[in-house]
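Here is what each chain is made of, one letter per residue.
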Amino acid sequence: MIPPFRKPRVRVMQPTVYTGMERVVFQPATYRGMQRGINQLVGAIRPTLGPRPRVVAIDHVDYHDKTPRLLDDGGTIARLIIELPDRDADVGAMFLRDVLWRLQQQVGDGTATAAVLFQAVFQRGVHYITAGGNARRLQTFLEEGLRTILGQLNEMVVHLSGREELARIAETVCYDPPLADLLGEIFDIVGEFGRVEIRPGRGRELEREYVEGMYWERGAVSRGMLDGDGQLRTDLEESAILISDLEVKHPQQLYPPLALVIRHNIRSLLMVVGEISDSAIGFLLSNKHPEKLRVVAVKTPGHDKEQKAWALEDLAVLTGGRAFVQAAGDTFERIRREDLGFARRAWADRYNFGIIGGKGNARQLRQHIATIRAAFERTDNPNTRNLLRERIGKLLGGSATLWVGGMTQREINERVERAKRAATALRGALREGVLPGGGVALLNCRPALEAMARVATDPDERAAYRILADAVTAPIRTIIANAGFDASEMLAAIKQQGPGYGFDVVRERVVHVAEAGIYDPAIVTKSVAYAAITSAAQALTIDVMVHHAQPEQAPLPDLSPPKQL
Amino acid sequence: MSIPDKMTDEMSLTEIVHALAASPNFAHDGLCFAARSSGLYRSEDGGFTWQPAHNPSGDGKPLPTSAVVFSPNFAVDGTVFAGVPGAVLRSEDGGKTWHTAALASPPPFVSVLAISPNYAEDGCVFAGTVEDGVFRSGDRGIHWAAWNFGLLDLNVLSLAVSPDYARDQTLFVGTDSGIFRSTTGGRAWREVDAGPEGTRSTDFAPVLSLAISPQYAADGTLFAGSEALGLYRSNDRGRTWQRLGGDALSGPINGIVLDPQYPARPRILVLLHTALVVSEDNGATWNEWYPDLQDDQTLTCVAAPLGLENGSPLLVSTTGGEVLIVRERFFKG
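This is a predicted model, so every value here is computed, not measured.

Parameters and conventions
Residues numbered from 1 in each chain as written. Chains lettered and ligands numbered in written order. Predicted model: local features only at pLDDT ≥ 70, side-chain atom pairs only at ≥ 80, totals over all residues. Heavy atoms only, no water. Helix = DSSP H or I, 4+ residues; strand = E, 2+ residues; numbered from the N terminus. Rg over C-alpha atoms; globule rule 2.2 N^0.38 Å. Buried < 20%, exposed > 50% of the residue type's maximum accessible area, 1.4 Å probe, protein only. Contact = heavy atoms within 4.5 Å. Areas by Shrake-Rupley, 256 points an atom, 1.4 Å probe, with all protein chains shown as cover. Lys, Arg positive; Asp, Glu negative; His and termini not counted. Charge placed at Lys NZ, Arg CZ, Asp CG, Glu CD. Buried area = accessible area lost by both parts, 1.4 Å probe. Salt bridge = Lys/Arg side-chain N within 4 Å of Asp/Glu carboxyl O. Polar contact = N/O pair within 3.5 Å; in protein donor to acceptor, adjacent residues only side chain to side chain. Nonpolar A, V, L, I, M, F, W, Y, C, P; charged D, E, K, R; others polar. Axes fitted to C-alpha atoms, helices over the stretch in contact; angles between N-to-C directions. Parallel < 35°, antiparallel > 145°, perpendicular 65-115°, else oblique. Left-handed = near helix turned anticlockwise from the far one by under 90°. pLDDT = per-residue confidence, 0-100. Expected span 1.5 Å × (residues − 1). Arc of directions from axis to C-beta. Core = buried A, V, L, I, M, F, W, Y, C linked by side-chain atoms within 4.5 Å. 1 Å grid on protein atoms, 1.4 Å probe; cavity = no way out; pocket = protein on both sides within 12 Å on 5 of 7 lines; lining within 4 Å. Points joined across faces, edges and corners; volume = space filled by probe spheres on them. Patch = residues over 30% accessible without salt bridge, like charges linked within 9 Å, V, L, I, M, F, W, Y side chains within 5 Å.

*Asks:* I'm lost on the overall build of chain B in this one. Help?
*Replies:* A count of helical and extended segments in chain B gives 5 helices and 27 strands. What you see for chain B is a C-alpha radius of gyration of 18 Å, in line with the 20 Å of a compact globule of 333 residues. The principal-axis extents of the C-alpha atoms in chain B amount to approximately 55 × 45 × 35 Å. The burial tally for chain B puts 59% of its 333 residues in the buried class. Of the contacts formed within chain B by residues at least 6 apart in sequence, a portion of 46% connects residues at least 24 apart. About 12500 Å² of surface is accessible on chain B, with carbon and sulfur atoms providing 49% of the total. Positive and negative side-chain charges of chain B, numbering 22 and 38 respectively, have mean locations separated by a distance of 6 Å.

*Asks:* Quick question: what am I supposed to make of the interface of chain B and chain A here?
*Replies:* One frequent convention defines the size of an interface as the accessible area lost when the parts assemble. Chain B puts 33 residues into the contact, and the matching count from chain A is 25 residues. Taken together, the two surfaces of chain B and chain A that pack against each other cover about 2200 Å², and 51% of this comes from carbon and sulfur. For the interface between chain B and chain A, the tally reads 4 salt bridges. Here Glu-131 of chain B and Lys-359 of chain A are joined by a salt bridge, their closest N and O atoms 3.3 Å apart. Seen at the junction of chain B and chain A, the total is 12 residue pairs in polar contact (both at pLDDT 80 or more). Elements that contribute at least two residues to the side of chain B that touches chain A include exactly strand S15 (178–182) and strand S16 (190–191) of chain B. With 3 residues, S15 of chain B is the largest single contributor of residues to the side of chain B that touches chain A. Its residues assigned to classes, the side of chain B that touches chain A comprises 16 nonpolar, 8 polar and 9 charged.

*Asks:* Would you mind going over the pattern of salt bridges with me for this structure?
*Replies:* Pairing is possible between side chains of opposite charge, provided their charged atoms come close. According to the stated counting rule, one finds 39 salt bridges over all chains in the structure shown. Across the salt bridge formed by Lys-299 of chain A and Glu-275 of chain A, the nearest N and O atoms sit 3.4 Å from each other. Taken together, the positions of Lys-299 of chain A in strand S11 (residues 294–299) and Glu-275 of chain A in strand S10 (residues 275–276) put the pair 24 residues apart, joining distant regions of the chain. Residue Lys-299 of chain A is classed as partly exposed on the basis of its relative accessible area of 31%. By relative accessible area, which is 38% here, Glu-275 of chain A ends up partly exposed. For Arg-90 of chain B, the salt bridge identified is with Glu-92 of chain B, shortest N-O distance 3.2 Å.

*Asks:* Just to check I follow, could you spell out the packing of helix H4 (residues 111–130) of chain A against helix H5 (residues 135–156) of chain A for this structure?
*Replies:* When two helices pack together, their arrangement is given by the angle between their axes and by how far apart the axes lie. Residue and element names in this part refer to chain A. Packing of H4 against H5 brings their axes to within 10 Å, and their N-to-C directions diverge by 140 degrees. One element, H4, and the other, H5, form an angle in the oblique class. The handedness of the crossing between H4 and H5 comes out as right-handed. Residue-level contacts link Val-121, Gly-125, Tyr-128 and Ile-129 of H4 to Ala-135, Leu-138 and Leu-142 of H5.

*Asks:* What is the right way to look at the confidence of the model for chain B in this model?
*Replies:* Residues shown with low pLDDT carry predicted positions that ought not to be read at fine detail. Across chain B, pLDDT averages 89, with 91% of residues at or above 70. Under a pLDDT of 50 for its full length, residues 1–13 of chain B has, in the predicted model, 40 contacts with residues more than four places off or in other chains.

*Asks:* Teacher, can you tell me more about helix H11 (residues 362–378) of chain A here?
*Replies:* Residue pairs three or four apart in sequence face the same way in an α-helix, which turns once every 3.6 residues. For H11 of chain A, spanning 17 residues, the distance from its first C-alpha to its last is 24 Å, which sits close to the expected 24 Å at 1.5 Å a residue. Looking at H11 of chain A, one finds that the buried residues are Ala-362, Leu-365, Arg-366, His-368, Ile-369, Ile-372 and Phe-376 of chain A. Seen along its axis, H11 of chain A keeps its buried residues to an arc of 160 degrees; they face one direction. Exposed and oriented more than 90 degrees from the buried face of H11 of chain A are Thr-371 and Arg-378 of chain A. In this structure, the buried residues of H11 of chain A make contact with helix H10 (305–319), helix H12 (382–395) and helix H13 (409–432) of chain A together with S15 and S16 of chain B. If you check the start of H11 of chain A, you find a side-chain oxygen 2.8 Å away from the backbone N of Arg-363 of chain A, and it comes from Asn-361 of chain A.

*Asks:* Which parts of the structure should I look at to understand the nonpolar core?
*Replies:* It is characteristic of soluble globular proteins that their nonpolar side chains tend to be buried jointly. Residues and elements named next belong to chain A. In terms of nonpolar packing, the biggest core is built from 106 residues, with Leu-269, Met-271 and Leu-340 touching the most fellow members. Not counting chain neighbours up to four residues away, the residues in contact with Met-271 comprise Leu-242, Leu-254, Leu-258, Leu-284, Val-295, Val-296, Ala-297 and Val-298. Grouped together as the second largest cluster of nonpolar side chains are 89 residues, Ala-44, Phe-122, Ile-129 and Tyr-465 included.

*Asks:* Honestly, empty space enclosed by the protein in this entry has me stumped. Any pointers?
*Replies:* Think of a ball as big as a water molecule: rolled over the atoms, this probe shows where empty space is left. Residues and elements named next belong to chain B. Taken as a whole and judged by the stated rule, the model has 1 cavity of 30 Å³ or more. Put simply, the largest cavity is a space of about 40 Å³. Every residue along the wall of the largest cavity is listed here: Leu-269, Gly-307, Leu-308, Glu-309, Gly-311, Ser-312, Leu-314, Glu-328, Phe-330 and Phe-331. A per-class count over the lining of the largest cavity returns 5 nonpolar, 3 polar and 2 charged.

*Asks:* Even after reading the chapter, I still don't get a nonpolar patch on the surface, so can you show me in this structure?
*Replies:* Together, Val-24, Phe-26, Val-544 and Val-546 of chain A make up a nonpolar patch on the protein surface, roughly 340 Å² of accessible area in all. Tracing the chain through its elements places Val-546 of chain A in strand S20 (residues 545–547).

This is the structure in structure tokens:
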């Protein structure tokens, strides 16, 4: 059942086949049920794998639009399947759905590969366990084999740079050469941490814009502070910056900083304050001599205390000023010139304010960015990572906006989604390098796993490595089959050529994939292997399912993509 | 050594020659420019006599000039660029007439100019500034835009373009807090990975001068002269650095000149405050040479229009605004 997209969702109930009692499901029904669900979900996603994906149509995505949504992205397909009518199957499908959606959020790509890899491990694992194997021991050895796979992948990593190479990576995710080319250019310039906004365009074309300096999403507190030349924007040159989160209730609170800038013959002041009352705004607007002193007030950026503290800290480092903090009991009363920050240029419009050429200490700024980068590397929380990445992007002093056009609004929206996924993958590729694409990196792990299986004496251990050696061929088999070729025949041809070779679906021949420039972001392939194998190994340990008679009707969490990359 | 005509009657120690540039065709045309705080000067006789080269309209007062560079294709296009407050001057007739291209307000102070070796094809020119980072023009200096993405220190003191720029799009800037590299034709910048001998990149002192090997594509060699930490060389495109010269090269390194045949002939000339220091073994040993200077006079810039041949002229400028023509036999080989 498909819910309305981007609407408050409630689980759509199926007629239940039991009443009053909880139902407990034992083996072999547990495995069978889960397999049914996993097969259904993977069956829906499998056609999308590879550079020649087939499309999955999902109908009634939106109450207002009855036309089916055509998708070639496994993560979104998985997200839109929220319940299967067969409750045993539903457990398996939802288990996998959760894995895929988390993977999509984390690295932006790889969901279809993860789905087929998960299915391959799970199916072969079920066969082995039903034949008498031990699920818990199998899980242990599957995870041991995963370590070998990750080690092998690490040895294959290469680092790419330059517009063309990055564009090739983007194309493996979005399958849209003009879009990939532009993303390659943008990320070649902005780098891993750069601030990139991807927005729907108004026309058919793709456009990009680079913005100098850094900006925050807080506009001037009053239109009266902006130049009325049609742009509603004020540019300040050689501006002083007052940095604070103080609440300005009375105009008198502003006297000390204003007196200070006038005393020092400073002509422009950007005032960052936590809150400002109407009377204080009116006082600032009553300035009769803007040629002597121009003042623009904006509110402290950030949605919560932590983000505001970060913004104040960043502004202080960038401009060489001091942050006045309400919680520390600071006031403007004894403000000195060295408390002010300075910038070559500052600007504000109705929605944003920005700084170009902050006059803070460059060494301090570089160390500050290094500290935030270290925090970024330390944390695993995706939200914190996003916030820290945004912060670093701002401090690096520039941003890019990509306007994505298309023939219809639907096409534009889908292209925007693809662009965002490609952007996430590019960040990953810049951070952790790339691996041979087209399923070859995983295929190249097979000899190591076979060697481990040969020397293993424990039956569960041997089985685990054999399962993995077989499973790592699943992605390349699917890619070849999706392109309309015989997978076994092509795999034989690839094996004959030697390691590093794969099937170029576009050129329809066996090639050395690295030489042909077919790459996948390493973080995607490694995350796929990790997510698929650990979760399949865990799924194999599920022995009993319990269905509640009255499943709770709880709204699902909002899984719409983040607003900003 | 010979001391040429002074460019002004009254020499003042506040007068500084910020940059010297000699024509790529110097052996035939003897043309060179000196960018001085009192304006841009031009010589057609190898630096013996100098005339003001730029007389702006209005009050006719010359603009302080802080940088000057010749097009590598000067024999054909006659192009010269010079940096003045808030603008870059462009001449397409060897410096007889000038066009002004303004840079974004507030007016930046252009500290250094560099030009793409592939200028005839790509028309790229770069202007480093004191507070506004790097401006880039892709249309032969007509329009300029600041491209500072990733350039965390906007105080640019030196700039060097890869001789293989057409292919690698690489340039380096030396700033107040170290070195940044661009591999995107000056549109984005990255910190160099490490500072001297494994220290952090921010441990660099201000980098006053940079020089890139003519065979950079093959040897990846780059020299950086710092204000207080001496001379450094990187043989891996700026990833790691080794100090050269030890105490022989203490003090600010105001200029570095490599032999055009470097590294086959590994001659290096370094300009210190009061001395020229040369090495003919790629920095293993150094010899100092001190010009006759008046009290408090220091050396500011050097140009080697005919390379580092024994006895070929070196143009060396001083605080006070003089340009010395030095013809010494520095090298034994």
